[in-house]
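Below, each chain spelled out in residue letters.
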Amino acid sequence: TSDHIIRMKRKLGEGGGRSKKPKSAADTELAEFLSPFGISLSSERYMSSDTSDHIIRELSMKMMDVDGKEKFFIAIQDHLDDIEFLKVAMLPLAKEDCSSSFSNESLIRLLLRVPPLTDSLTELLLEKLPLVTDSRTVNMAALIVSQLRWMTLQSADVIISKLNEVLPACSLPVQKEVISGLPEILPDERHEDVAVLLLDLISTIDLVPCILEAFSELSLNQKILDKVHTSVEELLSALTADSIPSALRFLLSTASPEKAITSIRDNIQFESLCQSGDGVEAEELSMECLEQVLRFHSKTQKSWLSQLHSSEQLTVFDILVYLILFRVNAKPRPVLNSLRHHVREGGLNVTNVTELFKKHGKTASLFTVELLKISHSLLVSQPEHPLPSLIYVSVFTHGDMQARQEVVGSLISHIGSGQSKETDSAIKTLSQIKDATDTTLDKFSPLLNGLLDYLNTLSIPQARQVLFLLVRISSTGSSRNVDDIHIITRKYLSHPSGKLKKLGVIGSCSLIQALSAEGETKAMEFVHKVSKQLAENPTLTALFYDEIASCIAFGSVDTQTVTSIKEMFIDSFQKSYIVEESIGDNFEQRDILGIESSDTLDQNEFISINLWDHIAATDSPGGLMVMFPLLRLVGTCVAHHSGRTLEDIDSLLGCPIRTLPLDLIPSHVNATRVLLGMINLVIEQINIFHVENRVSMRNKLLNRVKLLHELYSMLTKVPVVDGLVSMEFDHSEDTMTGNKAKKGQSSKMNVSKANESADLFSLDLTKDGTQKTSTQLDTQENGTSATIKPAKQQYVSTTAIKKFKGYIRELDYKTTNILAFILPENALETSSSRESEREAKILSLPETCMLLEDLLAKCRFKLKAASVFSKPDASVGFSRLSSISDSSFIKQILVILPALCQIMDDNGQDKSESVSTQNMGSQNDSMMNSTDDEIALMNDNPFRVKVFELVFSILELIFSWSGFSSNSQISTEVFTRIGSRLQLPVAKSQGPLSVRRKHALQYLLNFKDSCKTFSSTIGLVKCCAVISDEKDARIADLCKTCLQSTWDLTADEKESKVRYNEGIGYFVSTYFHHSAESLGDILELVIKELDAVVTKSDEDDQVFSTFNRATLPTIYKIVLVQLLAYQKQIGKDNENGFDILSSSVAYFATLISYIKIINSRPLLRSALIYGQKFLEGFLSLGLPLLEGMMATNFVDVQVLLKKIQTSTRYLHHVTCHSKSSKDIALTARVPLLKKFLEAFVLKVKVIFAAHGCTDAFWVGNLKQRNLKGEEIVSQQVAEEEEEEEEEDLSELSVDSDDGTDDASSIAPDNESNTDSMSIGY
């Protein structure tokens, strides 16, 4: 045969076949043989004059002669050696009487039906396959295979043997043709042999699609099919792009859904498809294939959804499958609920969605409708999560014009929904689309103009964002938006409603921004016109000044327009609020705060800020309300021109303030108004001059920061009174405080009551009892004659002034740059020789803590925590911050991050003993005292410890922010700046993100000895746990040490016992997660400690001193969660599965026994929730394991089931107690638990019956009992239980005559009446 193949190849090679035929088909020997049978051969078509059946009978009789058969077959061989003759022989025969009518049979198929020729001719045809190599003869393979289809072949063994010999020598196209035809060539009983043949060829990746198609048409038994599935699964990871659709279709159509889905998700490298040239097309084909399979297989849909729901992290392929399930499912709600679950748990996050659109954008665009529906639902249910916004932006970016219009329309509907958070997220999304696409959004201006119809339903901050967004869009497109805003602004300014007037003011400022681009003249004319119209309303005027200042700060106003605005309003401020002073005979020094400054005393004439006259004018508070926004506007305009040197207004920072002396304020009838006025003035001075880099100005700035801290301390002693001037123009007064004086109640009485709490706050007093001012303190610090004994300190949080939140101006988020003054790189510029001689002041710890608390509050408001349900602070007090983008805020955090690290370095344990006496004096000059216990705890330095608590809280918010993990650039920068504090060599400090993460973690762990309080320690642990991406024994050891320690709580921590208990629970949970010990060993240790707490054993034997009755509910819940994780190891560890099961059941029984001793509602709730989950895991993992051991270890199985029976019985008592006590929260957990209690009894009974152990299982009667074991006789409960019993007993087919609940038990050994295990219904 091989010689024949070589000979045929040589013939083809000489001329591509017989280019010059020696004779025609009619002259061949075969023509002579076939002529008597009515078959004539020609060069174009062979003809037949008789029927096929008659010809076959005649030929069969002729072939009975051996010699005749041999000669005939030789003639066939010689004839078919010619490739052209072979081709004609495989075409249908023509009838001689009618050339246009063809028979279905070709000459080859006719001869194959002759039994003596079948096997030999089949072999001959198969030997022709390796010769079909030229592209001109590719169709020959299909013709040859078609001759063998549906033929009744006598010897399939010959064909299989010949195919094994011939197929490897064939070209790839020929192999595909042959493999595709095998199911139709060989009979069904030989399909297993075909499968073996194909399995040998499946390693050729290019043949996989046709092989899998052939497999799907074969009739195979399950054993062979399993082998095929195994082989396919092994090849999944190596498949090319065009082979994946066939593999998906084959596995999902032939294998069990669970097994097929697991193999597909584990092995197919879908993400790598885009690297190939035809990757996009292959992705689309794969998705189309999956959609076709899932659309008509509901069982596969449910199985795939179940696996996706149980996954901890979704891949891009999983997300696309979710989209397909959402499309093909008639009821997509379960799919949507599963997606929401993954969003909450973090399985579906910004990272994988970004990867979906970045690498598979074209494929994702096929599911635009589904993506919009999902994002719409997510935005409604979880508006604070960044994922819906990302989906909208990505669909807009990658979609066509229709998709973009759908996105814009959907966002507009969200904005008009009336839900505050939903509206905020939709507006933010539109802004992101504008930033991402620049001018594309301009095409939808007519549609976006509809937002103006919703303005009166929006809050003021929301309306501000909408108006300025429309102006931004109009700046690059049509001016129609500006015209519409102009119309609605004029309408709102003349409206009697206060809110609509404010909207008109904001609209006016947005128009100023738009008009400044057209020219200074138009803009200033509009400014003058609006200012004149608002002159009689101080609230609207103040809002107008604030809005213009914000526009200028954002760089949205033209420079020439800013210059004109500065000249206009700086004169206005000087006339209204600046007073020229002169030192004469009638000058009273105590009336002016700051007059003691040596710089001022050198001059006979100077200026001061007249604050007192406006405070005293209680009947007309407009001057005070306008003062601070106007000062901000002036400072913003000057900073816009001058940068970091504000020489035009630098005298405003150093000049005195005409007001009451600090020592007279607490006893004054207007103490609250005076303090708030001074605080607001100082805050605006800090906001303006924090950019200054001259020594003198920076020292004055730090004096103002110190004064602010003093004023805050004084403010905590005064009450909220009526008639205070609001500084929050975006909100109504009733949202700013809930502690206003009651109607008819004297404010003096409130002052006296506030003074009764003076023991909490202490101001430094002089000898005569008068209070020292900030400047007096500075004089004594710099002098040598006065020696002040350091006062005992107590840290008082600025949250004590939260009741005044709406009446205090907002510190700008960039004022945190003051914290960076301590960094060496922030060198100061000196403009004169005198200034160069001055020593730069440093920020003391009390003021540092004050600024850190302000930064922490801003982080809590701006940065969203990892939990999507985290509730940020109210926007009162953060109006300016709410208009700042997250990216701008995080950039500022990166700027001051080295300063935060420097603060911790300066106050670390290794430097606590090296603080100089002068620094200690400056830190002790605070306005606070502390208790003796806290002084002993903090070594007379509470601020040094409080610094760590605040910094760690800030870092934790940064690390847990949703944008931190999704933005590798930000996370790399943060870890780099923190890790650089270790001062490692450059080669070691640089590296991938994981290396920098470890360096940052090591730096933070270095401060574990510096954390002296519970709050600072848990802050450190949270920071480390958030950034650690793997188990870390150092974190586990730190948590264990904290659990073993005895904490002396500070006053703040004592007030919040819940936070302390949660902190202990966090230590336990983190210890479980990071410990290198096995989970079983840790559970054993923790449960042993809980035993000591529950049984009140000797406390000296306790390892964890923090475990007590107060912390028990929190720890109890965490241990149950970890027990469920331990239970899941049963399926992963086949060798030790029974040991794990036994231990978990023992631990569960111990934990359930606690509620017998301590009747605590939190314990009952945890037992109901996690008891149900434990039973669910036992049924799915434990019972299959026990069923396999019934034949060999029956006694061990019986003992284990009896042990868990004690827990299930008491859980039944808990359900009865919940219903009898009518506890709604507990009763809601009962139905699901009773479902699994019932399933537990039924499945155990089935297992025992299947193994012939019915004597060991019996059904008895169980009465309803409460937690004390007393029988419940409530008629209502009895009736409910009887109704449930009737339904459940009908399923069990067990009779019960006494009307009590049915129960099931496992009898020990041969005793059938022992009360062993019972489950009530």
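Just so it is clear, the model here is predicted, and its values are computed rather than measured.

Once that is clear, we can look at the overall build of the protein. The helix and strand inventory of the protein stands at 63 helices and 10 strands. When burial is assessed residue by residue, the protein has 53% of its 1321 residues classed as buried. Across the protein, every contact between residues at least 6 apart in sequence was considered, and the portion connecting residues at least 24 apart equals 75%.

This next bit is on the pattern of salt bridges. For the structure on display, the rule yields 27 salt bridges. The closest approach of N and O atoms between Glu 949 and Lys 946, which form a salt bridge, is 3.0 Å. Separated by 3 residues within a single helix, Glu 949 and Lys 946 lie in helix H47 (residues 942-960), roughly one turn from each other. Assessed through its relative accessible area of 13%, Glu 949 is described here as buried. The exposure class of Lys 946 is buried, given its relative accessible area of 13%. Each of Asp 546, Arg 632, Glu 684, Arg 809, Asp 812 and Arg 880 takes part in a single network of salt bridges with overlapping partners.

Moving on, we come to the side chain of His 229. Here His 229 is to be found in helix H13 (residues 222-235). Take His 229: its relative accessible area is 2%, and that puts it in the buried class. Look past the residues within four positions of His 229 in its chain and what remains in contact with it is Phe 250, Leu 251, Thr 254, Ala 255 and Lys 259.

Before going further, it helps to examine the confidence of the model for the protein. Of the residues in the protein, 77% reach a pLDDT of 70 or more, and the chain-wide mean stands at 77. This stretch, residues 7-22, has a pLDDT under 50; its non-local contacts, to residues over four places away or in other chains, come to 20 contacts. Every residue in residues 1275-1304 scores below 50 in pLDDT, and together they form 64 contacts with partners more than four places removed in sequence or on other chains.

Here helix H31 (residues 538-553) is 16 residues long and its end C-alpha atoms lie 22 Å apart, about the 22 Å a rise of 1.5 Å per residue gives. Here H31 lies mainly inside the structure; 13 of its 16 residues are buried. Where H31 starts, the residue carrying a side-chain oxygen 3.2 Å from the main-chain nitrogen of Thr 539 turns out to be Asn 537.

For any pair of aromatic rings, the description rests on two quantities: the centre-to-centre distance and the angle between the ring planes. For the coordinates displayed, the defined rule picks out 24 aromatic pairs. On the numbers, 5.1 Å between centres and 85 degrees between planes, the contact of Tyr 1003 with Phe 1007 is edge-to-face. Accessibility classification places Tyr 1003 together with Phe 1007 in one group, the buried group. Seen from their ring centres, Phe 1014 and Phe 1067 are 5.7 Å apart, and the 90 degrees between their planes marks the pair as edge-to-face. Here the residue Phe 1014 occupies a position in helix H52 (residues 1014-1027), and Phe 1067 occupies one in helix H55 (residues 1057-1074), the gap between them amounting to 53 residues. Summarising the burial analysis for this pair, Phe 1014 and Phe 1067 share the class buried. For Arg 698, the ring lying beneath its charged end belongs to Phe 821, and the centroid distance is 3.7 Å. Lys 1022 extends its terminal NZ or CZ atom over the ring of Tyr 1066, reaching a point 5.5 Å from the ring centre.

This part covers the nonpolar core. Residues Phe 215, Leu 955, Phe 959 and Leu 1004 are the most contacted members of the largest nonpolar core, which totals 388 residues. The greatest single-element share of this core, amounting to 13 residues, is contributed by helix H59 (residues 1161-1189). Apart from residues no more than four positions distant in its own chain, Leu 955 is found in contact with Leu 897, Met 904, Ile 978, Leu 1004 and Cys 1023.

With that settled, consider the environment of Leu 1141. Among the structural elements, Leu 1141 can be located in helix H58 (residues 1137-1157). The spatial distance from the C-alpha of Leu 1141 to the C-alpha of Ile 1130 is 6.6 Å, given a sequence separation of 11 residues. What Leu 1141 contacts, discounting residues up to four positions off in sequence, is Ile 1130, Phe 1178, Gly 1182, Leu 1185, Leu 1186 and Leu 1200.

Turning our eyes to something else, we now look at the environment of Phe 357. Tracing the backbone shows Phe 357 in helix H20 (residues 350-359). Considering only alpha carbons, one finds Phe 357 and Leu 390, 33 residues apart in sequence, at a separation of 10.0 Å. When residues no more than four places from it in sequence are discounted, the contact partners of Phe 357 are Ala 364, Leu 371, Ser 394, Val 395 and His 398.

Let us look at helix H7 (residues 115-128). Taking 1.5 Å of rise per residue, 14 residues should cover 20 Å, and H7 covers 21 Å from first to last C-alpha, within 8% of that figure. A bend of about 25 degrees at Leu 121 is the largest found in H7. Every buried residue belonging to H7 is among Leu 117, Thr 118, Leu 121, Thr 122, Leu 124, Leu 125, Leu 126, Glu 127 and Lys 128, and all of these are buried.

Our next topic: the packing of helix H17 (residues 298-310) against helix H18 (residues 316-328). H18 packs onto H17 with a crossing angle of 140 degrees between their chain directions and a minimal axis gap of 11 Å. Classed by the angle they form, the pair H17 and H18 counts as oblique. Of the two possible hands of crossing, H17 and H18 adopt the one that is left-handed. Where H17 abuts H18, its residues Gln 301, Trp 304, Leu 305, Leu 308 and His 309 lie against Phe 317, Asp 318, Val 321, Tyr 322, Leu 325 and Val 328. Split into classes, the residues belonging to the contact of H17 with H18 amount to 8 nonpolar, 2 polar and 1 charged.

Any covalent bond linking the sulfur atoms of two cysteines counts as a disulfide. Considering all chains together, one arrives at 0 disulfides under this definition. Lacking any disulfide linkage, Cys 1023 is separated from the closest cysteine sulfur, that of Cys 1024, by 6.7 Å.

Where helix H42 (residues 845-862) contacts helix H44 (residues 886-906), the axes come no closer than 12 Å and their chain directions differ by 145 degrees. Two packed elements cross with a definite hand, and for H42 against H44 that hand is left-handed. Contacts from Thr 848, Leu 852, Leu 855, Lys 858, Cys 859 and Lys 862 in H42 reach Asp 886, Phe 889, Ile 893, Ile 896, Leu 900 and Ile 903 in H44. Residues of the contact of H42 with H44, tallied by class, amount to 8 nonpolar, 1 polar and 3 charged.

Turning our attention to the environment of His 999. Here His 999 shows up in helix H51 (residues 993-1005). His 999 sits in the buried class, given a relative accessible area of 15%. Along the chain, His 999 and Gly 979 lie 20 residues apart, while their C-alpha atoms are 4.8 Å from each other.

Where like charges cluster on the molecular surface, the positive patch consists of Lys 1117, Lys 1128, Lys 1132, Arg 1165, Lys 1173 and Arg 1229. Here Arg 1165 shows up in helix H59.

Parameters at a glance
- Residues numbered from 1 in each chain as written.
- Predicted model: local features only at pLDDT ≥ 70, side-chain atom pairs only at ≥ 80, totals over all residues.
- Heavy atoms only, no water.
- Helix = DSSP H or I, 4+ residues; strand = E, 2+ residues; numbered from the N terminus.
- Buried < 20%, exposed > 50% of the residue type's maximum accessible area, 1.4 Å probe, protein only.
- Contact = heavy atoms within 4.5 Å.
- Salt bridge = Lys/Arg side-chain N within 4 Å of Asp/Glu carboxyl O.
- pLDDT = per-residue confidence, 0-100.
- Expected span 1.5 Å × (residues − 1).
- Polar contact = N/O pair within 3.5 Å; in protein donor to acceptor, adjacent residues only side chain to side chain.
- Phe/Tyr/Trp six-rings, centres within 6.5 Å; stacked < 30°, edge-to-face > 60°.
- Lys NZ or Arg CZ within 6 Å of the ring centre and 35° of its normal.
- Core = buried A, V, L, I, M, F, W, Y, C linked by side-chain atoms within 4.5 Å.
- Bend = angle between axes of the 7 residues up to and from the residue.
- Axes fitted to C-alpha atoms, helices over the stretch in contact; angles between N-to-C directions.
- Parallel < 35°, antiparallel > 145°, perpendicular 65-115°, else oblique.
- Left-handed = near helix turned anticlockwise from the far one by under 90°.
- Nonpolar A, V, L, I, M, F, W, Y, C, P; charged D, E, K, R; others polar.
- Disulfide = S-S within 2.5 Å.
- Patch = residues over 30% accessible without salt bridge, like charges linked within 9 Å, V, L, I, M, F, W, Y side chains within 5 Å.
- Areas by Shrake-Rupley, 256 points an atom, 1.4 Å probe, with all protein chains shown as cover.
- Lys, Arg positive; Asp, Glu negative; His and termini not counted.
- Charge placed at Lys NZ, Arg CZ, Asp CG, Glu CD.

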